[in-house]
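So the chains spell out like this:
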Amino acid sequence: QQQVKQSPQSLIVQKGGISIINCAYENTAFDYFPWYQQFPGKGPALLIAIRPDVSEKKEGRFTISFNKSAKQFSLHIMDSQPGDSATYFCAASSSNFGNEKLTFGTGTRLTIIP
Amino acid sequence: SAVISQKPSRDICQRGTSLTIQCQVDSQVTMMFWYRQQPGQSLTLIATANQGSEATYESGFVIDKFPISRPNLTFSTLTVSNMSPEDSSIYLCSGGQEVGYTFGSGTRLTVV
């Protein structure tokens, strides 16, 4: 199974709050899990990524939590700001597939309100 | 990380014609990919562009419709052939030396 399921489809959070986006996967061969941020009219930009050997990775206000047994991972945005309003995509890839192509989730449109 | 430039950024094309999209990377990269994205939706992989050999297409995409070239490690083109309104979409180039790929800003194609 190549699918990566992402929820919610859209999310509204007040400024200063915590934004949480969840993803789940089926294929246990996946070994790289990035999150991309996309603004209107732009291509996706890599935000943060994790491999299964750790359960959490933090970069500034952005944290990935990873649960290998549940095959789930999530993005937490602390102290959410209006500038964080964008579409977020989770993705997964496997070094076992040769070309390490990314399989993307369906995306979450995040809106931060003042 | 690599910086990717795509052109054109947008185009309006007549039904039945073809458009070639160019992707230039500022450094040599191992992997290059082409994606399609409908506005407000996720990214669908069209193919992996292989340097010096035929591209590897995903299910639902064929070489006759989407021919791809990759003459070296910094450049690739995607042609959308015999276009129909259903081909109206955003086409994105992506690449990098390893996972954590960079994306271009995309080509917004409208077929009329």
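Data block above holds the structure.
It should be emphasised that the depicted structure is a prediction, and the values quoted were computed from it without experimental measurement.

Cut-offs used in this document
- Residues numbered from 1 in each chain as written.
- Chains lettered and ligands numbered in written order.
- Predicted model: local features only at pLDDT ≥ 70, side-chain atom pairs only at ≥ 80, totals over all residues.
- Heavy atoms only, no water.
- Salt bridge = Lys/Arg side-chain N within 4 Å of Asp/Glu carboxyl O.
- Helix = DSSP H or I, 4+ residues; strand = E, 2+ residues; numbered from the N terminus.
- Core = buried A, V, L, I, M, F, W, Y, C linked by side-chain atoms within 4.5 Å.
- Buried < 20%, exposed > 50% of the residue type's maximum accessible area, 1.4 Å probe, protein only.
- Phe/Tyr/Trp six-rings, centres within 6.5 Å; stacked < 30°, edge-to-face > 60°.
- Contact = heavy atoms within 4.5 Å.
- Buried area = accessible area lost by both parts, 1.4 Å probe.
- Polar contact = N/O pair within 3.5 Å; in protein donor to acceptor, adjacent residues only side chain to side chain.
- Nonpolar A, V, L, I, M, F, W, Y, C, P; charged D, E, K, R; others polar.

What about the pattern of salt bridges?
Residue and element names in this part refer to chain B.
Here is step 1: Applying the stated criterion to the full structure yields 5 salt bridges over all chains.
Here is step 2: With a closest N to O distance of 2.6 Å, Asp87 and Lys65 form a salt bridge. One end of the pair, Asp87, is in the loop between β8 (75-80) and β9 (89-96); the other, Lys65, is in the loop between β6 (56-57) and β7 (68-72), and 22 residues separate them in sequence.

Side note on the nonpolar core
Here is step 1: Counting residues in hydrophobic clusters, the biggest one holds 25 residues, and the most contacted among them are Trp34, Ile46, Phe66, Ile68, Leu78, Tyr91 and Leu109 of chain B.
Here is step 2: Of all the secondary structure elements, the ones that give two or more residues to this core are β3 (19-25), β4 (31-37), β5 (43-49), β8, β9 and β11 (107-111) of chain B.
Here is step 3: Broken down by element, this core gets its largest block of residues, 4 residues, from β3 of chain B.
Here is step 4: The next biggest cluster of nonpolar side chains, apart from the first, holds 24 residues, and it includes Leu11, Phe62, Leu75 and Ala86 of chain A.

Quick word on the packing of aromatic side chains
Here is step 1: A complete count under the given rule lists 18 aromatic pairs over all chains for this structure.
Here is step 2: Taken together, a centroid distance of 6.5 Å and an interplanar angle of 40 degrees make the contact between Phe66 of chain A and Phe73 of chain A tilted.
Here is step 3: The exposure class assigned to Phe73 of chain A is buried, which follows from its relative accessible area of 1%.
Here is step 4: On the numbers, 6.5 Å between centres and 50 degrees between planes, the contact of Phe33 of chain B with Tyr35 of chain B is tilted.
Here is step 5: Among the residues examined, Tyr35 of chain B registers a relative accessible area of 1% and is labelled buried.
Here is step 6: Taken together through their ring pairs, the aromatic side chains of Tyr36, Phe89 and Phe104 of chain A together with Phe33, Tyr35, Tyr101 and Phe103 of chain B make up a single cluster.

Describing the interface of chain A and chain B
Here is step 1: Contacts between the two partners involve 19 residues from chain A, matched on the other side by 18 residues from chain B.
Here is step 2: For the pairing of chain A and chain B, the buried interface totals around 1,400 Å² over both sides, and the portion due to carbon and sulfur atoms is 57%.
Here is step 3: Seen at the junction of chain A and chain B, the total is 1 salt bridge.
Here is step 4: Note that Lys101 of chain A and Glu58 of chain B form a salt bridge whose closest N and O atoms lie 3.0 Å from each other.
Here is step 5: Remark: the boundary between chain A and chain B carries 6 residue pairs in polar contact (both at pLDDT 80 or more).
Here is step 6: Considered class by class, the residues forming the side of chain A that touches chain B number 7 nonpolar, 7 polar and 5 charged.

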